[in-house]
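Here's the letter readout for the chains.
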Amino acid sequence: MAVIIDGKKVAAQVKAELKEKIEFLKIKYNKVPGLVTILVGNNPASLSYVNSKVKACREIGINSVFEKFDAAITQDELLSIIKKYNNDENFHGILVQLPLPEHLKEDVVIESINPLKDVDGFHPYNVGNLVIGKDTLYPCTPYGILELLFRYSINPSGKHVVVVGRSNIVGKPIANMLLQKKDGANAVVTICHSAAKDLTIYTKQADILIAAIGKPLFIKEDMVKEGAVVIDVGINRIEDNTTEKGYRIVGDVDFENVVNKASFITPVPGGVGLMTVAMLLKNTITAFEKIESLKN
Ligand code: GUN
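Definitions and cut-offs
Residues numbered from 1 in each chain as written. Predicted model: local features only at pLDDT ≥ 70, side-chain atom pairs only at ≥ 80, totals over all residues. Heavy atoms only, no water. Near = heavy atom within 4 Å. Polar contact = N/O pair within 3.5 Å; in protein donor to acceptor, adjacent residues only side chain to side chain. Areas by Shrake-Rupley, 256 points an atom, 1.4 Å probe, with all protein chains shown as cover. Nonpolar A, V, L, I, M, F, W, Y, C, P; charged D, E, K, R; others polar. Phe/Tyr/Trp six-rings, centres within 6.5 Å; stacked < 30°, edge-to-face > 60°. Helix = DSSP H or I, 4+ residues; strand = E, 2+ residues; numbered from the N terminus. Buried < 20%, exposed > 50% of the residue type's maximum accessible area, 1.4 Å probe, protein only. Pairing = 2+ DSSP bridges. Right-handed = clockwise from strand over helix to strand, strands pointing away. Contact = heavy atoms within 4.5 Å. Patch = residues over 30% accessible without salt bridge, like charges linked within 9 Å, V, L, I, M, F, W, Y side chains within 5 Å. Salt bridge = Lys/Arg side-chain N within 4 Å of Asp/Glu carboxyl O. Axes fitted to C-alpha atoms, helices over the stretch in contact; angles between N-to-C directions. Parallel < 35°, antiparallel > 145°, perpendicular 65-115°, else oblique. Left-handed = near helix turned anticlockwise from the far one by under 90°.

Chemist: Outline the site of the ligand, supporting the account with residue identities and numerical values.
Modeler: Residues in close proximity to the ligand include K53, L95, V96, Q97, L98, D120 and F122, which together make up its full environment. Here D120 contributes a side-chain N or O atom positioned 2.6 Å from a nitrogen atom of the ligand. Here the ligand, which alone exposes 280 Å², has 84% of that area covered by the protein. Residue classes in the shell around the ligand are distributed as four nonpolar, one polar and two charged.

Chemist: Kindly report on the packing of aromatic side chains, identifying the contributing residues and their values.
Modeler: Considering all chains together, one arrives at four aromatic pairs under this definition. Ring centres 5.3 Å apart and planes at 90° place the aromatic pair Y29 and F288 in the edge-to-face group. Placement of Y29 in helix α1 (residues 7-29) and of F288 in helix α10 (residues 272-294) is noted, with a sequence separation of 259 residues between them. Given a relative accessible area of 0%, F288 falls into the buried group.

Chemist: Lay out the pairing of strand β3 (residues 63-69) with the relevant residues and their values.
Modeler: Sheet topology places strand β2 (residues 34-40) next to β3; seven bridges connect them, and they run parallel. Bridge pairing in β3 places I38 opposite E67. For the crossover that starts at β2, traverses helix α2 (residues 44-60) and ends in the parallel β3, the hand is right-handed.

Chemist: Explain the side chain of D254 to me, and be specific about the residues and the numbers.
Modeler: By the element assignment, D254 lies in the loop between β10 (247-250) and α9 (255-258). Look past the residues within four positions of D254 in its chain and what remains in contact with it is L217, I219 and K220.

Chemist: Requested: an account of a nonpolar patch on the surface, with residues and values cited.
Modeler: Together, V127, V131 and I132 give the surface a local cluster of nonpolar side chains, amounting to about 260 Å² of exposed area. Within the secondary structure, V131 sits in helix α5 (residues 124-131). Taking the relative accessible area as the measure of exposure, V131 reaches 42% and is therefore partly exposed.

Chemist: So what's going on with the packing of helix α6 (residues 140-151) against α10? Which residues, and what values?
Modeler: Two elements in contact, α6 and α10, have axes separated by 7 Å at closest approach and are oriented at 105°. Taken as axis vectors, α6 and α10 run roughly perpendicular relative to one another. In contact with C140, T141, Y143, G144, I145, E147 and L148 of α6, α10 contributes V272, M275, T276, M279, L280, K282 and N283.

Chemist: Go over the packing of α6 against helix α7 (residues 171-179) with me, naming the residues and quoting the values.
Modeler: At a minimum axis separation of 9 Å, α6 and α7 run at an interaxial angle of 45°. If you check the angle between α6 and α7, you find them oblique. The handedness of the crossing between α6 and α7 comes out as right-handed. Of α7, the residues touching α6 (which contributes P142, Y143, I145, L146 and L149) are P173, I174, M177 and L178. Of the residues contributing to the contact of α6 with α7, the split by class is nine nonpolar, no polar and no charged.

Here it is, written out as structure tokens:
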């Protein structure tokens with residue numbers, strides 16, 4: 001049976017380290033990092049993610065403000081709110097939860113965020129820096145995956161990583177991060193996606209398989225090589241009338257089916273998802289240090 005990678009434990013460790021760092025920064029700069037989280041509309045999954053982000057910030061001493069707007073907010077109104085926070089010295093991170101309602105242009109909204117405050121790492125300036133291997137603000141979920149690999153002493157160097165999924169939030173950035181000629185990366189990377197005629201041809205070759213396709217329980221045992229490291233990025237709600245809420249959360253990997261074939265595996269919940277929040281906190285502190293250091 002695989003080692004089950006404990007995202008809850010690692011996220012708690014990262015948060016404890018960051019809390020200590022904030023104590024140090026408070027003394028050095030006489031202020032603390034600030035993060036504004038912006039949510040538009042009432043998507044229940046988004047609301048739940050945002051609540052956990054706001055709560056985690058407060059736990060470690062980040063000044064956290066939650067701005068929630070009606071789905072009918074106009075593009076100009078949203079842009080003017082972002083502009084206000086771009087110019088507010090008490091805020092070092094600006095996070096706009098995605099997806100946005102259809103009438104809002106996601107790319108325009110993301111590009112309006114000061115890249116130095118782009119703690120999601122979604123601004124094209126930061127994406128470009130990531131691709132060419134410069135230090136930058138890294139998207140939180142891929143960053144969390146690298147941290148989990150590191151903390152479990154799984155070295156991707158020279159390994160074949162197969163990423164299933166090509167989103168801008170996970171698939172593309174994790175592939176680019178693991179490709180870099182750097183410690184904790186230096187992998188041979190394949191990206192495959194839903195247009196493949198037979199995904200198994202690709203997934204079977206993976207030493208490290210990263211599932212980020214958004215299809216519940218999609219990866220089965222026959223798609224995984226014996227001894228592979230399996231990282232499940234999926235967070236899918238599926239109907240389950242035996243639970244109080246009427247649904248339960250599952251990943252993109254059929255955990256029970258795959259656990260005996262893998263060497264390491266992340267569970268859902270309790271795996272990558274918690275790391276996303278931890279790395280958001282890390283990025284907020286990184287942004288704070290960069291912005292404050294530029295003042296001197
Ligand atoms: N929607 C799903 N994942 C994310 C994320 O990491 N950041 C933001 N802003 N929106 C998301």
